Amino acid sequence: MVYETRVYETCSAEETAKLAENLAAQAKPGNVYALRGELGVGKTVFTQGVARGLGIKTPVCSPTFTIVQIYEEGRMPFYHFDVYRIADVEEMDEIGYEDYFYGEGLTMVEWADLFPEILPPVYWRITIEKDLEKGFDYRRITIEKICGKKEA
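Residues numbered from 1 in each chain as written. Predicted model: local features only at pLDDT ≥ 70, side-chain atom pairs only at ≥ 80, totals over all residues. Heavy atoms only, no water.

### Structural notes on the nonpolar core
Step number 1: If you look at the biggest cluster of nonpolar residues, it comprises 24 residues, and the most contacted ones within it are Tyr33, Phe46, Val50, Leu54, Phe78, Leu106 and Ile126.
Step number 2: If one sorts the elements of this core by residue count, helix α1 (residues 13-25) sits on top with four residues.
Step number 3: If near-sequence neighbours (up to four positions away) are discounted, Phe46 is found in contact with Thr16, Leu19, Ala20, Leu23, Leu35, Met108, Ile126, Ile128 and Ile141.
Step number 4: Listed in part, the 21 residues of the second largest apolar core include Ala34, Phe81, Tyr97 and Tyr123. (Core = buried A, V, L, I, M, F, W, Y, C linked by side-chain atoms within 4.5 Å. Buried < 20%, exposed > 50% of the residue type's maximum accessible area, 1.4 Å probe, protein only. Helix = DSSP H or I, 4+ residues; strand = E, 2+ residues; numbered from the N terminus. Contact = heavy atoms within 4.5 Å.)

Okay, structure coming up:
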């Protein structure tokens, strides 16, 4: 069930990153962000903004081939998952995803809609969409707090 919805519009990668940075400033340990959007929509830019908002100075890139990147230098640990290449939920079990999801940090899961069954009962679904009619750099970012039913 969607508990709360906020919609933002950005017109540059910098604005998208700044929005994410502000979101991270409000994050608490144990929060899970389920990030959705097509290829090239700006998921990595958004994730870099979250990292910056947590005080992480290390360069952040998509962990497509490593599945998870761990950053511990900020105000709380940041666990960045990219599940695009995961074949099934058992692979996530092998990684020990629950230790991250229910740990002391903020967890970001790119392509979370591929495995909605692993998401916790409460999480934030973040959808990034382009609209080329509004400009090449335009993004519509919807942030929804999901409580209860898992519906990535």
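Additional details are given in the paragraphs that follow.
### A few points about helix α2 (residues 43-53)
Step number 1: Within α2 the residues assigned to the buried category are Lys43, Phe46, Thr47, Gly49, Val50, Ala51 and Gly53.
Step number 2: Those residues of α2 that are buried are in contact with α1, β2 (32-36), β4 (78-82), β5 (106-110), β6 (122-130) and β7 (139-147).
Step number 3: Gly55 sits one or two positions beyond α2 and adopts a positive phi of about 90°.

### Focus: the packing of aromatic side chains
Between two aromatic rings, the relevant description is the distance of the centres plus the angle of the planes.
Step number 1: Applying the stated criterion across every chain yields a total of seven aromatic pairs.
Step number 2: Ring plane angle 65° and centroid distance 4.9 Å describe the contact between Tyr79 and Tyr100, whose orientation is recorded as edge-to-face. Of this pair, Tyr79 sits in strand β4 while Tyr100 sits in helix α4 (residues 97-101), and the two are 21 residues apart along the sequence. As far as the burial class goes, Tyr79 and Tyr100 line up, both buried.
Step number 3: Of the aromatic side chains, those joined through ring pairs into one cluster are Tyr79, Phe81, Tyr97, Tyr100 and Phe101. (Phe/Tyr/Trp six-rings, centres within 6.5 Å; stacked < 30°, edge-to-face > 60°.)

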